[in-house]
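Close look at the chain arrangement
Read off the chains here:
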Amino acid sequence: MLPTIFQQAVPVLRKLEKAGYEAYFVGGSVRDYILGRAINDVDIATSAYPQEVKGIFQKTFDVGIDHGTILVMDEGKEYEITTFRTESAYADYRRPDKVEFIRSLEEDLKRRDFTMNSMAMDRDGIVKDPFNGKEDIHNRLIRTVGSPELRFSEDALRMMRAVRFVSQLGFGLEPSTLSALKEHSKLLEHIAVERKTMEFEKILQGKWKQEGLNLLVHTNLYQELPNLSRYSEQLKYSANRSGLDKLNKNQTWLLLLTHFVEDDIEGFLKDWRLPTKMIRARSKELEILKEREVSGWTKTLLYRAGLEAAVNVEKVYGCLKESSDFSEEKVMEQYHKLAISSRHELDVTGTDLMTWTDKKGGPWIKELLSDIESAIINETITNEKEVIRRWLKTCNRL
Ligand code: ATP
Ligand code: MG
């Protein structure tokens, strides 16, 4: 029996077939099924042209119609249905000059990147595998469909994808695929940063990220990634930390950043076109990590960090020191013991301070609130309006 995720999509294939077309499951879902891995989403390929697909289903969206992809809603679920196609003449190493819709499955499978990604499965679970993807999966090998030189020159992103699959699956690169990758790594410069970043972040999340990161260095691909060209040793060093596999994406970023000598870490990350929120968070964590290293966790540092940053910092710190003395549980426990976790929880407001002092608003309020905040975090006083007022009086601040 096919896994539920495929079974639910069988009616979609049936509808396409009933209208006289071929339809198959393709790509990552078939690969992951054969591997026994969790399947995220099923992609469907069909001999029906985009307009024909639109005629068959009631609710469709043109998400990538130029490339033959229609998003179809069926029984409340979304499916990407892509017309069989060929791609021709890659003049700029990144996208096909021309996409041509075709009726032949074999031709469609030929344009796909790796043998493990070039299988098609019909609704009965019968797999078409013209490039021996199953065998390569069995041997844990990543191999391009056809000449690796040609396939990497057509679309240089495939080289990043190869390393990403190494990191996700723990497979090796078939020897001629590996040597072509080394030879053509420079072509990655033609690829848009956003697309490189997307694959890089998948490398950082893979179970075999150690292998992935080492391979980025070994193949020289790292030289075409933003600002990494002078950090081969640091990348290898980070890759080989034990405990790396326990870090999530953000924590792995942080670990890498600790080894890079940069005056402007935000600028460094901006060049990767990462979201501002992510950039700020990593840069803050990096500062917290440095302080944690020098003086350990003080209440003030924990408070300033916030729970998420504190946990990220502690995990990375533990990984750097390769010691189990550090545990995020301990940090969480300490954090939850803090008297307050944000300024909003203070039992006084600026208005209280103005009433008590009979003074007009101004920058002094922020300053005073900040001193109150420190006194509460350091447990000099408790967070109660009356206690705060008395304390301010004793300190001659009222
Ligand atoms: P994931 O599980 O991460 O989604 P995936 O293999 O499904 O992995 P997608 O990017 O979703 O990756 O692509 C779907 C399929 O499209 C691939 O399995 C492959 O057959 C084909 N493909 C994707 N990108 C390329 C490319 N750059 N060159 C050739 N074929 C590609
Ligand atoms: Mg996919």
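Residues numbered from 1 in each chain as written. Chains lettered and ligands numbered in written order. Predicted model: local features only at pLDDT ≥ 70, side-chain atom pairs only at ≥ 80, totals over all residues. Heavy atoms only, no water.

**Overview of the overall build of the protein chain**
Looking only at helices and strands, one finds 20 helices and eleven strands in the protein chain. Whereas a compact globule of 398 residues would reach a radius of gyration of roughly 21 Å, the protein chain reaches 28 Å, over 25% beyond that. Judged by the C-alpha coordinates and their principal axes, the protein chain covers about 85 × 50 × 40 Å. Split into buried and exposed, the 398 residues of the protein chain put 48% on the buried side. When contacts within the protein chain are restricted to residue pairs at least 6 apart in sequence, long-range pairs at least 24 apart make up 63% of them. Carbon and sulfur atoms make up 47% of the accessible area of the protein chain, which totals about 19,600 Å². Across the protein chain, the centroid of the 60 positively charged side chains sits 3 Å from that of the 64 negatively charged ones. (Helix = DSSP H or I, 4+ residues; strand = E, 2+ residues; numbered from the N terminus. Rg over C-alpha atoms; globule rule 2.2 N^0.38 Å. Buried < 20%, exposed > 50% of the residue type's maximum accessible area, 1.4 Å probe, protein only. Contact = heavy atoms within 4.5 Å. Areas by Shrake-Rupley, 256 points an atom, 1.4 Å probe, with all protein chains shown as cover. Lys, Arg positive; Asp, Glu negative; His and termini not counted. Charge placed at Lys NZ, Arg CZ, Asp CG, Glu CD.)

**Considering the packing of aromatic side chains**
For any pair of aromatic rings, the description consists of the separation of the ring centres together with the inter-plane angle of the planes. Taken as a whole and assessed by the stated rule, the structure comprises ten aromatic pairs. In textbook terms, an aromatic cluster arises when at least three aromatic residues are bridged by ring pairs, as seen for F6, F25 and Y33. Lying across the ring of F165, R164 places its NZ or CZ 4.3 Å from the centre. (Phe/Tyr/Trp six-rings, centres within 6.5 Å; stacked < 30°, edge-to-face > 60°. Lys NZ or Arg CZ within 6 Å of the ring centre and 35° of its normal.)

**A few points about the nonpolar core**
Nonpolar side chains in soluble globular proteins generally cluster together in the buried interior. Counting residues in hydrophobic clusters, the biggest one holds 106 residues, and the most contacted among them are F25, M160, F200, L216, L228, W297 and I372. If near-sequence neighbours (up to four positions away) are discounted, M160 is found in contact with L188, K196, E199, F200, I203, L216, L221 and L225. V26, F84, L105 and L109 belong to the second-largest nonpolar core, a separate cluster that totals eight residues. (Core = buried A, V, L, I, M, F, W, Y, C linked by side-chain atoms within 4.5 Å.)

**Regarding the site of ligand 1**
Around ligand 1, the surrounding shell holds 13 residues, and the nearest of these are R31, N117, D155, R158 and R164. Contact between ligand 1 and R112: an oxygen atom at 3.1 Å from a side-chain N or O atom of the residue. Interatomic distance of 2.9 Å between a backbone N/O atom of N117 and an oxygen atom of ligand 1. Protein coverage of the free-state accessible area of ligand 1, which is 590 Å², stands at 76%. When residues of the shell around ligand 1 are assigned to their parent elements, the largest contribution, four residues, is made by helix α7 (residues 157–169). Here the shell around ligand 1 gathers at least three residues from each of two domains, domain 1 (1–132) and domain 2 (140–240). (Near = heavy atom within 4 Å. Polar contact = N/O pair within 3.5 Å; in protein donor to acceptor, adjacent residues only side chain to side chain. Domains from an automatic or database assignment.)

**Things to note about the domain arrangement of the protein chain**
When cut into domains, the protein chain gives domain 1 (1–132), domain 2 (140–240), domain 3 (242–338) and domain 4 (343–394). Here domain 1 and domain 3 have C-alpha centroids that lie 41 Å from each other.

**Re the packing of helix α12 (residues 249–258) against helix α16 (residues 307–321)**
At a minimum axis separation of 9 Å, α12 and α16 run at an interaxial angle of 55°. Classified by the angle their axes make, α12 and α16 are oblique. Once α12 is placed against α16, the crossing between them reads as right-handed. Across the interface between the two elements, N250, Q251, L254, L255 and T258 of α12 pack against N312, V313, K315, V316, C319 and L320 of α16. Looking at the contact of α12 with α16, its residues break down into six nonpolar, four polar and one charged. (Axes fitted to C-alpha atoms, helices over the stretch in contact; angles between N-to-C directions. Parallel < 35°, antiparallel > 145°, perpendicular 65-115°, else oblique. Left-handed = near helix turned anticlockwise from the far one by under 90°. Nonpolar A, V, L, I, M, F, W, Y, C, P; charged D, E, K, R; others polar.)

**Details of the environment of D66**
Following the sequence through the fold, D66 ends up in the loop between β3 (59–64) and β4 (69–74). Taking the C-alpha atoms as reference, D66 lies 18 Å from D155; in sequence the two are 89 residues apart. Those residues in contact with D66, other than ones at most four positions away along the chain, are V99 and F101.

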